[in-house]
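# Notes for the structure review
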Amino acid sequence: MRPATKPGTAGVRPIELGLRQNAAQFTLLVAVNALVGGMLGQERTVLPLLGEQEFGITAYTAGLGYILVFGLAKAATNYFAGTWSDRFGRKPVLVAGWLVAVPVPLMLIWAPSWEWVLVANLFLGISQGLTWSTTVVMKIDLVGPARRGLAMGLNEAAGYTAVAATALATGYLAESYGLRPAPFFLGIAFVALGLGLSTLAVKETREHARLDAASHVARADGRHDHLHRELSNGQVFIQTSFKEPALSAASQAGLVNNLNDGLAWGLFPILFAGAGLSVGKIGVLAALYPAVWGLGQLFTGALSDRWGRKWMIASGMWLQAIALALIGLADVFTVWALAATLLGAGTAMVYPTLLAAIGDVAHPAWRARSVGVYRLWRDGGFAVGALLAGLLADALGIHTAIWAIAGLTALSGLVVAVRMYETHHRPTPAEQDVTNET
């Protein structure tokens, strides 16, 4: 099949699917998503300590309120981001997400009360839902089916490596210059760069999705025959959330994965501070987990294109469970560093592979909506994690909260092992020709 062109656009480069064919835009979107991750990273080290030291937040449940607000806002926005990107286009949603982020670092710098921090995280959650969801969808649009795992690995690696680098940088800035305002100057720079690039340089990718939908070839095993292009929004939600085995297994695993991240974000810095670690060392541990997570995805996404999705996801969930149990048992920096490394490795195995599995199963005509539903459940894990971890820590202690969530994570891996089928298949020569993949 020839690359698609629009009538009256002679001389305009035709639309093609593939990583090589769209390398420039793909690379730009990787850079944009790194800036999105940096906006999240500015909070990872500093905000838990800010709540405790400047605002006197002592109860775990109250202190994790900003993650609860963030998670609920991001989860809901993820759902609408998928629908809006199908209706209005990907680029307008991306730009809107950056506009919502503009006040966030300023509010964190000037917040006179903890309520301001909660409102800032409401805006941050909305922004992250719009920007991160859209960069995911745009990369899936560009690459076609054969390199989907690699594309998601690169996308998530950029975002979470930036989370790690910013968490580390803000830790050192806080140790040298105080918890405010210096660490949040990075957020101001990220917003300016992200908004500028998204407005001036990013191009719309919705036509790539339409080309993919027009050339979509159903699997020969008939497993996806019921997932035709005409599903309604409600049907997409039901299939992704509950009914379709692979999609629903991925959704619950995504929720539990981010439940773990909410725990790590909100309670780990307090656990480490309680053991007498300096802010600099807490920053190292806060950065190590997302650094391994981010860099590991450069490999795990591509490996899932070769080895498959199912057992990469199940094994990653089990590795996370082991790491969390070790964090709950340890009380020294070196063991925590090892456990953070294992937690990052397990998350790297899961994160891009779940997105790739959604892309494998969802029809291109409603893939953006399915990604939005999956990310609704996945980022709802932040809210569930903040609430569950806070309640357990207040009632039974921080170590018990960590062990309980470790057990839940192991159970989630078992659900994947039992319920999910292998979603990835190697394209036939005919499919490769249709999608223009090389």
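Below: a short report on this structure.

What counts, and where the lines are drawn
- Residues numbered from 1 in each chain as written.
- Predicted model: local features only at pLDDT ≥ 70, side-chain atom pairs only at ≥ 80, totals over all residues.
- Heavy atoms only, no water.
- Phe/Tyr/Trp six-rings, centres within 6.5 Å; stacked < 30°, edge-to-face > 60°.
- Helix = DSSP H or I, 4+ residues; strand = E, 2+ residues; numbered from the N terminus.
- Buried < 20%, exposed > 50% of the residue type's maximum accessible area, 1.4 Å probe, protein only.
- Patch = residues over 30% accessible without salt bridge, like charges linked within 9 Å, V, L, I, M, F, W, Y side chains within 5 Å.
- Areas by Shrake-Rupley, 256 points an atom, 1.4 Å probe, with all protein chains shown as cover.
- Salt bridge = Lys/Arg side-chain N within 4 Å of Asp/Glu carboxyl O.
- Expected span 1.5 Å × (residues − 1).
- Arc of directions from axis to C-beta.
- Polar contact = N/O pair within 3.5 Å; in protein donor to acceptor, adjacent residues only side chain to side chain.
- Axes fitted to C-alpha atoms, helices over the stretch in contact; angles between N-to-C directions.
- Parallel < 35°, antiparallel > 145°, perpendicular 65-115°, else oblique.
- Left-handed = near helix turned anticlockwise from the far one by under 90°.
- Contact = heavy atoms within 4.5 Å.

Moving on, we get to the packing of aromatic side chains. Within the structure shown, the criterion is met by 16 aromatic pairs. Relative to Trp377, the ring of Phe237 has its centre 6.3 Å away and its plane inclined at 35°; by these criteria the two rings are tilted. Within this pair, whereas Phe237 is found in helix α11 (residues 233–243), its partner Trp377 is found in helix α17 (residues 367–396), the two being separated by 140 residues in sequence. Look at Phe237 and you get partly exposed, because its relative accessible area is 23%.

A cluster of nonpolar side chains, namely Trp311, Trp318, Val384, Leu388, Leu408, Leu411, Leu414, Val415 and Val418, defines an oily patch on the protein surface of about 770 Å² accessible area. Mapped by element, the contributors of at least two residues to the nonpolar patch are α15 (310–329), α17 and α18 (398–419). For the nonpolar patch, the element with the most residues is α18, which contributes 5 residues. Here Leu408 shows up in helix α18. Residue classification places Leu408 among the partly exposed positions, given a relative accessible area of 31%.

Right, let's get into α18. Over its 22 residues, α18 runs 32 Å from end to end, which matches the ideal 32 Å to within 8%, given 1.5 Å per residue. Within α18, the full set of buried residues consists of Ile398, Ala401, Ile402, Ile405, Ala406, Thr409, Ser412, Gly413, Val416 and Ala417. The buried side chains of α18 occupy one side of the element, clustering within an arc of 160° when seen end-on.

In this section: the environment of Arg378. Within the secondary structure layout, Arg378 lies in helix α17. Looking at Arg378, the relative accessible area reads 0%, which means it is buried. For the pair Arg378 and Leu354, spaced 24 residues apart in sequence, the C-alpha separation works out to 10.0 Å. A polar contact of 3.2 Å, which involves the side chain of Arg378, links it to the side chain of Tyr351.

In the structure shown here, the tally under the stated rule is 9 salt bridges. A salt bridge links Arg90 to Asp86; the shortest N-O distance between them is 3.0 Å. Arg90 sits in the buried class, given a relative accessible area of 2%. Beyond isolated ion pairs, a larger network of salt bridges with shared partners links Asp86, Arg90, Asp141 and Arg369.

Apart from glycine, the bulk of residues carry a negative phi angle, and the bulk of peptide bonds sit in the trans form. The amide bond that connects Arg180 to the next residue, Pro181, takes the cis arrangement and shows omega of 0°. Looking at the secondary structure, you find Pro181 in the loop between α8 (148–177) and α9 (182–200).

Here we take up the packing of helix α5 (residues 90–101) against helix α7 (residues 114–143). Where α5 meets α7, the axes come as close as 8 Å, and the angle between the chain directions of the two elements is 155°. Regarding the angle of α5 to α7, the classification is roughly antiparallel. With respect to the hand of their crossing, α5 and α7 are arranged in left-handed fashion. Residues Arg90, Val93, Leu94, Ala96, Gly97, Trp98, Val100 and Ala101 of α5 form the contact with α7, whose own contacting residues are Phe123, Ile126, Ser127, Leu130, Thr131, Thr134, Thr135, Val137, Met138 and Asp141.

Attention now moves to the side chain of Thr205. Examined against the element boundaries, Thr205 turns out to sit in the loop between α9 and α10 (206–214). Beyond its immediate chain neighbours, meaning those up to four positions away, Thr205 contacts Arg90, Met138, Asp141 and Leu142.

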